[in-house]
Amino acid sequence: MKKKIKIKSKVNSYEVNFNNNLAQSFADLNKEVIFVIDSKVYKIYLKKIIKNKKFIILSSNEKTKDFFNLKKIIDFFIKNVSKNTLVVAIGGGVIQDVASFLSSIFKRGIDWYFFPTTLISQGDSCIGGKTSINYNKLKNQLGNFYPPKRIVINSRFLKNISKKEIFSGFGEMGHYFFLSNNKDYEYYRKSLLKFSKNEKINLNEIIFRSLNIKKKYIEKDEFDQNIRLKLNYGHTFGHAIENLVTIPHGIAVAHGMNISNFVSYKLGYLKFNKFNIMEDTLKIILKRYPIRKINVKKFVEIMRKDKKSINKKIRVILSKGIGNMFVTKINNEKKFINILKEYFNRKY
Ligand SMILES: NC(=O)c1ccc[n+]([C@@H]2O[C@H](COP(=O)([O-])OP(=O)(O)OC[C@H]3O[C@@H](n4cnc5c(N)ncnc54)[C@H](O)[C@@H]3O)[C@@H](O)[C@H]2O)c1
């Protein structure tokens, strides 16, 4: 039987279907449809299938989801989209963010479907309903909650994804497995290790488990008021890295988790042996994709602009161990800066 996950939402409940038959997935799109498609996905998979349809092709990068670059896509919507049009987004997180944000505001909201095509979007961002647009290079400053009416996960899309992007997907999904419990964490660690040794792994199963962990949080706290904040584990640090270095999102998140664990250890929340065990797992990603020296002053300034900051006080998710993360404010910024300096000077 094909896998399915139902997500309860106050905006609109929706379903994730696992289906590798693209033609079948497109067959019941009988409404007026427009497609928003990632340029690489278009070339590799869709050129023939989508020929006679209305579509816009976009390169997936952080510039594409910057507020100042949305005009071109809004013009396309103005020309081709009515209140009854269904927007079908096919691509990774960038395509998702652009299509969801515009669907949410265009004519005060039109329906959209999502076919995620990267490991990050399949194993994480496709559920939860967040839309996120950059502003002047500042990540994800504009957005709202607008889940798609339907999500279809097709693992064939992952066939031509680079190893780096798969590691990035692992980095992003990692924060769910670290947040969950020892059993999920062990499963994740073993899968990541196998993948790093080029052994066969079942990505669909990892995606399914990752989404099911996320589901628990988003159904309890859809609008990020409470426990969902914990899902930002690794992200406040990760976003600051992304702002200073060109790096795939999930790899930045893996670095962010390690920094968060290091800060937790230095502030006395996390025992050194636990920090070490977690770092050993993350190292599978970090050693392959290290980051150059970071300017800590800039790093902290970027963190201050993060959405979670309150009255300019930085808020982060720290850890007491697997399955035990918590939200806290940084009260002693001087100490925090010194810890970060120590982190960026050490070797792993
Ligand atoms: N809204 C959310 O809930 C949410 C959550 C997590 C991340 N995000 C955002 O998602 C973005 C990252 O998304 P992403 O990692 O999915 O990647 P992406 O959309 O940035 O795409 C990464 C690269 O992979 C290519 N690509 C996409 N699908 C492919 C395929 N099937 N085969 C070959 N190449 C393919 C793209 O062209 C691009 O070059 C970030 O901007 C991040 O902020 C959003």
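Residues numbered from 1 in each chain as written. Predicted model: local features only at pLDDT ≥ 70, side-chain atom pairs only at ≥ 80, totals over all residues. Heavy atoms only, no water.

Q: Even after reading the chapter, I still don't get the overall build of the protein chain, so can you show me in this structure?
A: Across its full length, the protein chain carries 13 helices and eleven strands. In terms of C-alpha radius of gyration, the protein chain reaches 20 Å, essentially the compact-globule figure of 20 Å for 348 residues. When the backbone C-alpha atoms are referred to their principal axes, the protein chain occupies close to 60 × 45 × 35 Å. Expressed as a percentage of its 348 residues, the buried residues of the protein chain come to 56%. (Helix = DSSP H or I, 4+ residues; strand = E, 2+ residues; numbered from the N terminus. Rg over C-alpha atoms; globule rule 2.2 N^0.38 Å. Buried < 20%, exposed > 50% of the residue type's maximum accessible area, 1.4 Å probe, protein only.)

Q: What is the right way to read the site of the ligand from this model?
A: The immediate surroundings of the ligand are formed by 28 residues, with D38, E62, D97, T118 and K139 found nearest. At 2.5 Å, a side-chain N or O of T118 approaches an oxygen atom of the ligand. About the coverage of the ligand: the protein hides 90% of its 870 Å² of free accessible area. When residues of the shell around the ligand are traced back to their parent elements, those giving at least two are α2 (39-46), α4 (93-105), α5 (119-125) and β8 (138-142). Considering only residue class, the shell around the ligand consists of seven nonpolar, twelve polar and nine charged. (Near = heavy atom within 4 Å. Polar contact = N/O pair within 3.5 Å; in protein donor to acceptor, adjacent residues only side chain to side chain. Areas by Shrake-Rupley, 256 points an atom, 1.4 Å probe, with all protein chains shown as cover. Nonpolar A, V, L, I, M, F, W, Y, C, P; charged D, E, K, R; others polar.)

Q: Explain the domain arrangement of the protein chain to me, please; I cannot follow it from the model alone.
A: Many structure descriptions define interface size as the accessible area lost when the parts assemble. Here the protein chain is partitioned into domain 1 (4-160) and domain 2 (164-345). With centres defined by C-alpha atoms, the gap from domain 1 to domain 2 works out at 26 Å. Taken residue by residue, the interface counts 30 residues in domain 1 and 30 residues in domain 2. A buried area of about 2,600 Å², summed over both sides, lies between domain 1 and domain 2, and 62% of it is on carbon and sulfur atoms. Three residues stand out in domain 1 for area buried against domain 2, namely L119, I120 and D124, and they jointly supply 22% of the buried area on that side. At the surface where domain 1 touches domain 2, the tally comes to three salt bridges. The residue D224 makes a salt bridge to K130 at a minimum N-O spacing of 2.7 Å. Between the two partners, domain 1 and domain 2, sit ten residue pairs in polar contact (both at pLDDT 80 or more). Elements with a minimum of two residues in the side of domain 1 that touches domain 2: β1 (4-7), β2 (14-18), α5 and β8. Examining the composition of the side of domain 1 that touches domain 2, we find that six residues originate from one element, α5, more than from any other. (Domains from an automatic or database assignment. Contact = heavy atoms within 4.5 Å. Buried area = accessible area lost by both parts, 1.4 Å probe. Salt bridge = Lys/Arg side-chain N within 4 Å of Asp/Glu carboxyl O.)

Q: When you look at the packing of helix α10 (residues 249-266) against helix α11 (residues 272-286) in this model, what are you seeing that I'm missing?
A: Each packed pair of helices is defined by two parameters, the angle between the axes and the distance between the axes. Running from N to C, α10 and α11 cross one another at 165 degrees; their axes reach a closest spacing of 10 Å. In this view, α10 runs roughly antiparallel relative to α11, as classed from their interaxial angle. Classified by chirality, the crossing of α11 by α10 is left-handed. Here α10 contributes I251, A254, H255, M257, N258, N261, F262 and Y265 to the contact with α11, which in turn contributes F272, F275, M278, E279, L282, I285 and L286. (Axes fitted to C-alpha atoms, helices over the stretch in contact; angles between N-to-C directions. Parallel < 35°, antiparallel > 145°, perpendicular 65-115°, else oblique. Left-handed = near helix turned anticlockwise from the far one by under 90°.)

Q: So what exactly am I meant to see when it comes to a nonpolar patch on the surface here?
A: On the surface, F67, F68 and Y135 cluster together into a nonpolar patch covering about 310 Å² of accessible area. Mapping F68 onto the fold places it in the loop between β4 (54-58) and α3 (71-80). (Patch = residues over 30% accessible without salt bridge, like charges linked within 9 Å, V, L, I, M, F, W, Y side chains within 5 Å.)

Q: Teacher, can you tell me more about the pairing of β8 here?
A: A regular strand places its side chains on the two faces of the sheet in alternate fashion. Of the strand pairs in this sheet, strand β7 (residues 133-135) and β8 are connected by two bridges, and their pairing is antiparallel. If you follow I133 over to β8, its bridge partner there is L142. Counting the residues that bridge the hairpin from β7 to β8 gives two residues, and of these N136 lies at a positive phi of roughly 55 degrees. (Pairing = 2+ DSSP bridges.)

Q: Would you explain the sheet that holds β4 in this entry?
A: To summarise the sheet geometry, strands pair through backbone hydrogen bonds and adopt either a parallel or an antiparallel arrangement. Strand order in the open sheet made by the seven strands is β1-β2-β9-β6-β5-β3-β4, with mixed pairing throughout. Looking at strand neighbours, the two that pair on one side only are β1 and β4, the edges of this open sheet. Across this sheet, the average inter-strand angle for adjacent strands is 15 degrees, counted without regard to direction. The pairing of strand β3 (residues 33-38) with strand β5 (residues 86-91) spans five bridges and is parallel. Along β5, the bridge assignment pairs F35 with V88. Packing of α3 onto the sheet brings it into contact with β3, β4 and β5, and relative to β4 it is tilted by some 180 degrees. Against the sheet, α4 engages β3, β4, β5 and β6 (112-116), with an angle of about 165 degrees to β5.

Q: Looking at this model, I keep getting lost on the packing of aromatic side chains. Mind explaining?
A: Aromatic ring pairs: the centre-centre distance and the angle between the two ring planes describe each pair. Counted under the stated rule, the structure contains 30 aromatic pairs. Ring centres of W112 and F114 lie 5.7 Å apart, and the angle between their planes is 40 degrees; on these two criteria the pair is classed as tilted. As far as the burial class goes, W112 and F114 line up, both buried. Counting every residue linked through ring pairs, the aromatic cluster contains F167, F170, F177, F178, Y185, Y187, Y188, F195 and Y289. (Phe/Tyr/Trp six-rings, centres within 6.5 Å; stacked < 30°, edge-to-face > 60°.)

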